[in-house]
Amino acid sequence: MSTLSGIRQAQPGDLLPRTDHVTDTKQQFMYNAALWNAHRIHFDLPYATDVEGYPGLVIAGPLMGEWLTQCVHDWLGDEGVIVSFEFSNRRAAYVGDVLHSEGKVLSTEPEAGTAALELQVVNAAGEAVTLGAAVVRFHK
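Because the structure is a prediction, the values reported are computed rather than measured.

Time to look at the confidence of the model for the chain. Residues of the chain with pLDDT of at least 70 account for 94%, and the chain-wide mean is 93. Contacts for the low-pLDDT stretch residues 1–5, under 50 throughout, to residues beyond four places or in other chains number twelve contacts.

Given below as structure tokens:
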């Protein structure tokens, strides 16, 4: 998509920029502290592994939603706004996992100046960890 021509250049199948993500313990702690999320699976390794049975610290689901939102913002730039956004976590991801966020244009409505997007966070095995969708409106 051209950075100056908005919906006129966005076509179904166009890819949004892919961004790689690797979290660490400090990022997880700070993110969950900011959310007031005290679930120990995100910051207490012995609890996460010994009590809950996870292989490591679990990445907070809302953080992966944030990555999808950022993917859309990076693609849109100053050309438009997010009208709607949703996401659903489908499997756990862990501190140290290499993940990436990506998306594509599903459809466009040139008269309305909108585009529907499909989004996902994918792990190194190619499995979708988080699925999302957004509708964006381009400035006229």
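Leu16, Met64, Val72, Trp75, Leu99, Leu117 and Val136 are the most contacted members of the largest nonpolar core, which has 24 residues in total. Elements with a contribution of two residues or more to this core: helix H3 (61–76), strand S3 (99–109), strand S4 (114–123) and strand S5 (128–138). At eight residues, H3 tops the list of elements feeding residues into this core. Core analysis: the second largest hydrophobic core is formed by six residues, Ile41, Ala48, Val58 and Tyr94 among them.

What follows covers the packing of aromatic side chains. Going through the model one piece at a time under the given rule, you end up with four aromatic pairs. Here the aromatic rings of Trp75 and Phe138 are separated by 5.9 Å at their centres, their planes lie at 75 degrees, and the arrangement is edge-to-face. Of this pair, Trp75 sits in helix H3 while Phe138 sits in strand S5, and the two are 63 residues apart along the sequence. When sorted by exposure, Trp75 lands in the same class as Phe138, which is buried.

With that settled, the discussion passes to the side chain of His100. Note that His100 resides in strand S3. Residue His100 is classed as buried on the basis of its relative accessible area, which comes to 9%. Once residues lying within four places of it in the same chain are set aside, the contact partners of His100 are Arg18, Thr19, Asp20, His21, Gln120, Val121 and Val122.

Pairing between side chains becomes possible if they bear opposite charge and their charged atoms approach one another. Under the counting rule described, the total for this entry stands at four salt bridges. A salt bridge links Asp20 to Arg18; its shortest N-O distance comes to 3.4 Å. Since its relative accessible area comes to 51%, Asp20 is described here as exposed. Across the pair Arg40 and Asp44 runs a salt bridge whose closest N-O atoms are separated by 3.0 Å.

Thresholds applied
Residues numbered from 1 in each chain as written. Predicted model: local features only at pLDDT ≥ 70, side-chain atom pairs only at ≥ 80, totals over all residues. Heavy atoms only, no water. pLDDT = per-residue confidence, 0-100. Contact = heavy atoms within 4.5 Å. Core = buried A, V, L, I, M, F, W, Y, C linked by side-chain atoms within 4.5 Å. Buried < 20%, exposed > 50% of the residue type's maximum accessible area, 1.4 Å probe, protein only. Helix = DSSP H or I, 4+ residues; strand = E, 2+ residues; numbered from the N terminus. Phe/Tyr/Trp six-rings, centres within 6.5 Å; stacked < 30°, edge-to-face > 60°. Salt bridge = Lys/Arg side-chain N within 4 Å of Asp/Glu carboxyl O.

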